[in-house]
Amino acid sequence: MAYRWKNDLTTADVTPEDLFWNRRKILAGLAGAGLSGMAGTAAQAQETLTPNTWEEVTNYCNFYEFGTRKTDPADNAGQLTTTPWSVTIDGLVDNPGDYALGDILSEMTIEERIYRFRCVEAWSMVVPWNGFELADLLNLAGVQDGAKYVSFETLYRPAEMPGTAYPVLDWPYREGLRLDEAMNPLTLMATGIFGKPLPNQNGAPLRLVVPWKYGFKSIKSIVKITLTEEQPDTSWNMANGREYGFYSNVNPNVDHPRWSQASERLLGGGIFAQRQPTLMFNGYEKEVAHMYDGMDLRKFY
Ligand SMILES: Nc1nc2c(c(=O)[nH]1)N[C@H]1C(S)=C(S)[C@@H](COP(=O)(O)O)O[C@H]1N2
Ligand SMILES: [Mo]
């Protein structure tokens, strides 16, 4: 297996003492600084990420197929049928077909990844995902020469998705990545959070997580993956191309036309809730910046 990205820390590593020190750092306005006293992990850790709570991650959601209020997905997604589930993989692949989710999972290694998650609406949280690298799935399907992009589609099942009665977006929800982005070791197909299966509102049973891009790129409840030569259409870009670019890399220097992206509101924290500076590529510059060398990130927003 090729190079695997080294996780910052897993939840098992986050001791009460670390939490304490991390809170201190946050309070001191030093969020993002490394924890110098942590032998072993310090070398690879950019910082200690303290996950948000289960309640925050599962009750403050965007999943417009179930409604546009943050609590709609938790209220309405319970009725979604997620078994059986299969994913069609087609386009420029050696092994096209309908893959039963169980068959996919039997080939994959589930890891935990604690990632910063940044919505384009300028809020953020930290989520402990469980999942496998998208690259492993694409390699299973066999990416052909000539494939340059990957497109994804969410389930469209109006009977179970009350939000699709409204033309908020052109359903099914669609997203896309450039092939190198899809193959980046950070790009995860999530099957769980906090060591438990994904709740429906978070995109069960399989959703994408692209931690250096705005949250809407992380498409939920995926039923189709297509390898293409051309850059695919994506739902938010089709809905408003000026506000939502194909790349949508987190970037404090490129504002949304209607608000600044220079800072973000970290969910939770109660009275300590505060805005924090947005990090370039959401803090994953070291891992992903090379893919955009020489690109004008204002033009390719
Ligand atoms: N199919 C689908 N995927 C989606 C969305 C959606 O409305 N429909 N919302 C996106 C947005 S805007 C964000 S911020 C994240 C939210 O993921 P979470 O609710 O698990 O935090 O899902 C993304 N994936
Ligand atoms: Mo979002």
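Only a predicted model underlies this, so the values are computations on that prediction, with no experimental measurement involved.

Enquirer: Explain the sheet that holds strand S1 (residues 86-91) to me, please; I cannot follow it from the model alone.
Expert: Each strand in a sheet pairs with its neighbour through backbone hydrogen bonds, running either in the same direction (parallel) or in the opposite one (antiparallel). Read across the open sheet, the five strands follow the order S2-S1-S10-S5-S6; overall the sheet is mixed. On the outer flanks of this sheet lie strand S2 (97-100) and strand S6 (174-178), each paired with one strand and no other. Here the average twist between neighbouring strands, direction ignored, is 20°. Here six bridges tie strand S5 (residues 149-154) to strand S10 (residues 222-228), and the two strands are oriented antiparallel to one another. Bridge pairing in S10 places Ser151 opposite Thr226. On top of the sheet, helix H5 (residues 134-141) reaches S1, S2, S5, S6 and S10; it is set at about 65° to S10, its chief contact.

Enquirer: Just to check I follow, could you spell out the site of ligand 1 for this structure?
Expert: Taken together, 17 residues surround ligand 1, and among them Tyr64, Glu65, Thr154, Ser218 and Lys220 come closest. At 2.8 Å, a side-chain N or O of Glu65 approaches a nitrogen atom of ligand 1. Burial of ligand 1 by the protein chains amounts to 98% of its free accessible area of 540 Å². Classifying every residue of the shell around ligand 1 gives nine nonpolar, five polar and three charged.

Enquirer: What's the story with the UniProt feature "binding site: Mo-molybdopterin" (unreviewed entry) in the protein chain in this structure? I'm lost.
Expert: Within the UniProt annotation, "binding site: Mo-molybdopterin" (unreviewed entry) is assigned to Tyr64, Glu65, Cys119, Thr154, Asn202, Arg207, Ser218, Ile219 and Lys220. Inspection of the secondary structure puts Glu65 in the loop between helix H2 (54-59) and helix H3 (72-76). Excluding residues within four positions of it along the chain, Glu65 makes contact with Thr154, Met161, Pro162, Gly163, Thr164, Trp171 and Tyr173. Relative to the helices and strands, Ile219 is located in the loop between strand S9 (207-209) and S10. Residue Ile219 is classed as buried on the basis of its relative accessible area, which comes to 1%.

Enquirer: Could you clarify how one ought to interpret the nonpolar core in this entry?
Expert: Nonpolar side chains tend toward joint burial in soluble globular proteins. Ranked by internal contacts, the top residues of the largest apolar core, which has 73 residues, are Trp129 and Ile225. The element that contributes the greatest number of residues to this core is strand S4 (residues 123-133), accounting for six residues.

Enquirer: Would you explain the side chain of Thr226 in this entry?
Expert: Within the fold, Thr226 resides in strand S10. You can call Thr226 buried: its relative accessible area is 15%. Within polar-contact distance, the side chain of Thr226 engages the side chain of Asp90 at 2.7 Å. Residues contacting Thr226, with those up to four places away along its chain left out, are Asp90, Gly91, Tyr149, Val150 and Ser151.

Enquirer: Please explain the pairing of S4 as it appears in this structure.
Expert: Put simply, side chains in a regular strand alternate between the two faces of the sheet. With respect to burial, S4 is a largely interior element, 11 of its 11 residues being buried. By the bridge criterion, eight bridges tie strand S3 (residues 111-118) to S4 in an arrangement that is antiparallel. Note that in S4 the partner of Phe117 across the bridge is Met125. Counted along the chain from S3 to the antiparallel partner S4, the turn is four residues long, and its residue Ala122 has a positive phi close to 75°. Here S4 runs beside strand S11 (residues 263-266); their pairing, made up of two bridges, is parallel. Bridging from a neighbouring strand, Trp123 pairs with Arg265 of S11. Pairing analysis gives five bridges linking S4 to strand S7 (residues 188-193), with the strands arranged antiparallel.

Enquirer: Can you help me understand the packing of aromatic side chains in this one?
Expert: Remark: the centre distance and the inter-plane angle together describe each pair of aromatic rings, the angle taken between the planes. Tallied over the full model, the rule gives 14 aromatic pairs. Here Phe246 and Tyr247 contribute two aromatic rings whose centre-to-centre distance is 5.4 Å and whose plane-to-plane angle is 90°, an arrangement assigned as edge-to-face. Grouping residues by exposure puts Phe246 and Tyr247 together as buried. Taken together, Tyr149, Phe246, Tyr247, Phe281, Tyr292 and Phe300 form an aromatic cluster joined through their ring pairs. Stacked on the ring of Trp54, the Lys or Arg Lys196 has its end atom at 5.1 Å from the ring centre. The side chain of Lys217 reaches across the aromatic face of Phe246, ending 4.3 Å from its centre.

The rules behind the values
- Residues take numbers from 1 onward in each chain, read along the sequence in its written order.
- Both sets of labels track the order of writing: A upward for chains, 1 upward for ligands.
- Side-chain atom pairs in this predicted model are given and counted only at pLDDT of 80 or more, local residue features only at pLDDT of at least 70, and totals for whole chains, interfaces and linings cover all residues.
- Excluded from the side-chain calculation are hydrogens and water; included are all heavy atoms of the structure.
- Here, strands pair whenever DSSP counts at least two bridges between them.
- What counts as a helix is a DSSP run of H or I of at least four residues, what counts as a strand is a run of E of at least two, and both are numbered from the N terminus.
- Axis lines are fitted to C-alpha atoms, over the contacting stretch for helices. Their N-to-C directions set the angle, which ranges from 0 to 180 degrees.
- Whether two residues touch is decided by their heavy atoms; if any such pair falls within 4.5 Å, the residues are in contact.
- Being near a molecule or strand, for a residue, comes down to having at least one heavy atom within 4 Å of it.
- Any N or O atom pair separated by 3.5 Å or less is treated as a polar contact, with the protein-specific requirement of one donor-capable and one acceptor-capable atom, and with residues adjacent in sequence counted only for side-chain atom pairs.
- To measure how exposed things are, a 1.4 Å probe is used in the Shrake-Rupley method; for residues, cover is taken only from the protein chains shown.
- Residue polarity follows a fixed list, in which Ala, Val, Leu, Ile, Met, Phe, Trp, Tyr, Cys and Pro are nonpolar, Asp, Glu, Lys and Arg are charged, and the others, Gly among them, are polar.
- UniProt positions are given in the numbering used here, feature names are shortened, and annotations may be inferred rather than shown by experiment.
- Think of it in three bands: residues with accessible area under 20% of the maximum for their type are buried, residues over 50% are exposed, and the middle band is partly exposed, with areas taken using a 1.4 Å probe on protein chains only.
- Among buried residues, the Ala, Val, Leu, Ile, Met, Phe, Trp, Tyr and Cys ones that are joined through side-chain atoms within 4.5 Å form a nonpolar core.
- Under the pairing criterion, centres of Phe, Tyr and Trp rings, with the six-membered ring standing for Trp, must be within 6.5 Å; the plane angle then separates stacked pairs below 30 degrees from edge-to-face pairs above 60, leaving the rest tilted.
- By the criterion adopted, a ring carries a charge over it if an Arg CZ or a Lys NZ lies within 6 Å of its centre and within 35 degrees of its normal.

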